[in-house]
Amino acid sequence: MGRMEGYVPRSADYIKAGTAPSHYPTTGKPEVAFVGRSNVGKSTLINRLTGRKGLARASNTPGRTQLIQFFDVADRWVFADLPGYGYAKVPPSIRKAWGPMINTYLEVRDPLRLVVLILDIRREPGSWEHEFLDWLNDHERGVLIVATKMDKVPKHKRKAAVNKLSKALGLSSACVFPFSALSGDGRADLWDALKAATEGMDDG
Ligand code: GDP
């Protein structure tokens, strides 16, 4: 599988959280947004990437307003942790607000350079994922797929699983990054891709 370890940012700090554009941070640093179904392993991934265990927390407490959480990473990037979708216990009113909030963010957010869509390697992508990818494509937003929980797939089946997932998404397997938060596998490759997608674009 992918290379482990790799880059560790010298700092990673919570900036703020919010729902509307007036709440977004104004640093202008290149931004990477993370999105995925609840419980897919999004918080664990952000913590693994930044090397900070408690930075992102699963915020799926039912009834709580779902917020976009912003983090400063190494004074070089902003990571935007978009609330997870598909959590059954979230009340309908809050579930309803999710779409417009994410829509607005993806439409208006200037510093956004890359959307990281996190999928569980064991799950077939559903209609939500397909629609989301189409939407990003229409809006010319760069996207990268992380196939997480690779450790749950036996070693000899991993390559085939990644190929199957990329095929199901209609993407080249080069767009799918295998990852395991448990072992750290794939971490270095993912960082390389994040850097490649954001470098040279920071005009600050
Ligand atoms: P979130 O709701 O998407 O933020 O999900 P979490 O990061 O809270 O993770 C959900 C569950 O999946 C937790 O029990 C994690 O320990 C587990 N998990 C996350 N990533 C991995 C992984 O790569 N491998 C395995 N085996 N478990 C993982």
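See above for the structure.
Criteria and cut-off values
Residues numbered from 1 in each chain as written. Predicted model: local features only at pLDDT ≥ 70, side-chain atom pairs only at ≥ 80, totals over all residues. Heavy atoms only, no water. Helix = DSSP H or I, 4+ residues; strand = E, 2+ residues; numbered from the N terminus. Buried < 20%, exposed > 50% of the residue type's maximum accessible area, 1.4 Å probe, protein only. Contact = heavy atoms within 4.5 Å. Areas by Shrake-Rupley, 256 points an atom, 1.4 Å probe, with all protein chains shown as cover. Axes fitted to C-alpha atoms, helices over the stretch in contact; angles between N-to-C directions. Parallel < 35°, antiparallel > 145°, perpendicular 65-115°, else oblique. Pairing = 2+ DSSP bridges. Near = heavy atom within 4 Å. Polar contact = N/O pair within 3.5 Å; in protein donor to acceptor, adjacent residues only side chain to side chain. Nonpolar A, V, L, I, M, F, W, Y, C, P; charged D, E, K, R; others polar. Phe/Tyr/Trp six-rings, centres within 6.5 Å; stacked < 30°, edge-to-face > 60°. Lys NZ or Arg CZ within 6 Å of the ring centre and 35° of its normal. Core = buried A, V, L, I, M, F, W, Y, C linked by side-chain atoms within 4.5 Å.

### Focus on the overall build of the protein
For step 1, the next point in the chain: Helices and strands together make up the secondary structure of the protein, namely five helices and seven strands.
For step 2, the next point in the chain: Secondary structure elements of the protein, listed N to C terminal, follow the sequence β-β-α-β-β-α-β-α-β-α-β-α.
For step 3, the next point in the chain: Burial analysis of the protein (204 residues in total) assigns 48% to the buried set.
For step 4, the next point in the chain: Long-range contacts, defined here as pairs at least 24 residues apart, represent 78% of the contacts in the protein between residues at least 6 apart.
For step 5, the next point in the chain: Surface summary for the protein: the accessible area is close to 10100 Å², and the carbon and sulfur share equals 51%.

### With respect to the packing of helix α1 (residues 42-50) against helix α5 (residues 187-198)
For step 1, the next point in the chain: One can describe the packing of α1 onto α5 by two numbers: an axis separation of 10 Å at closest approach and a directional angle of 85°. The angle between the axes of α1 and α5 places the two elements in the roughly perpendicular class. Contacts between α1 and α5 involve Leu45, Arg48 and Leu49 from the former and Arg187, Leu190, Trp191 and Leu194 from the latter.

### What about the pairing of strand β3 (residues 68-73)?
For step 1, the next point in the chain: Most of β3 sits inside the fold, with six of its six residues counted as buried.
For step 2, the next point in the chain: Burial along β3 is two-sided: the residues Ile68, Phe70 and Asp72 and Gln69, Phe71 and Val73 are all buried.
For step 3, the next point in the chain: Here six bridges tie strand β1 (residues 12-18) to β3, and the two strands are oriented antiparallel to one another. In the strand pairing of β3, lysine 16 is matched with phenylalanine 70.

### So, the site of the ligand
For step 1, the next point in the chain: Around the ligand lies a shell of 17 residues, among which Asn39, Ser43, Thr44, Asp151 and Ala181 are the nearest.
For step 2, the next point in the chain: Note that an oxygen atom of the ligand is positioned 2.8 Å from one of the backbone N or O atoms of lysine 42.
For step 3, the next point in the chain: Between alanine 181 and the ligand, the recorded distance is 2.7 Å, taken from a backbone N or O atom to an oxygen atom.
For step 4, the next point in the chain: When isolated, the ligand has an accessible area of 580 Å², and the protein chains bury 76% of it.
For step 5, the next point in the chain: The element best represented in the shell around the ligand is α1, accounting for three residues.
For step 6, the next point in the chain: Residue classes in the shell around the ligand are distributed as four nonpolar, eight polar and five charged.

### Observations concerning the sheet that holds strand β6 (residues 143-148)
For step 1, the next point in the chain: As summarised here, the arrangement of the seven strands in space is β1-β3-β4-β2-β5-β6-β7, forming an open sheet in which the pairing is mixed. With one partner strand each, in any of the chains shown, β1 and β7 (176-178) form the two edges of the open sheet. Within this sheet the neighbouring strands show an average axis-to-axis angle of 25°, counted without direction.
For step 2, the next point in the chain: Here four bridges tie strand β2 (residues 31-36) to strand β4 (residues 77-81), and the two strands are oriented parallel to one another. Each residue of the ladder has a partner; that of glutamate 31, found in β4, is valine 78.

### Focus on the packing of aromatic side chains
For step 1, the next point in the chain: Applying the stated criterion across every chain, the model contains eleven aromatic pairs.
For step 2, the next point in the chain: Centroid distance tyrosine 24 to tyrosine 105: 5.5 Å. Interplanar angle 80°. Geometry classified as edge-to-face. Within this pair, whereas tyrosine 24 is found in the loop between β1 and β2, its partner tyrosine 105 is found in helix α2 (residues 92-108), the two being separated by 81 residues in sequence. In terms of burial, tyrosine 24 and tyrosine 105 fall into one category: buried.
For step 3, the next point in the chain: Ring pairs connect the aromatic residues Tyr7, Phe34, Trp77, Phe79 and Trp191, which therefore count as one cluster.
For step 4, the next point in the chain: Sitting above the plane of the tyrosine 7 ring, lysine 195 keeps its charged end 3.8 Å from the centroid.

### Considering the nonpolar core
For step 1, the next point in the chain: Counting residues in hydrophobic clusters, the biggest one holds 32 residues, and the most contacted among them are Val35, Ile68, Leu82, Tyr105, Leu106, Leu117 and Ile121.
For step 2, the next point in the chain: Taken together, the elements giving at least two residues each to this core come down to β2, β3, β4, α2, β5 (112-120), α3 (127-138), β6 and α4 (158-169).
For step 3, the next point in the chain: Not counting the four nearest positions on each side in its chain, leucine 82 is found in contact with Ala33, Phe34, Val35, Lys42, Ile68, Ile102 and Tyr105.
For step 4, the next point in the chain: Ranked by size, the runner-up nonpolar core spans 26 residues in total, among them Val40, Leu55, Val146 and Ala181.

Limitation: the analysis is restricted to geometry and does not speak to function.
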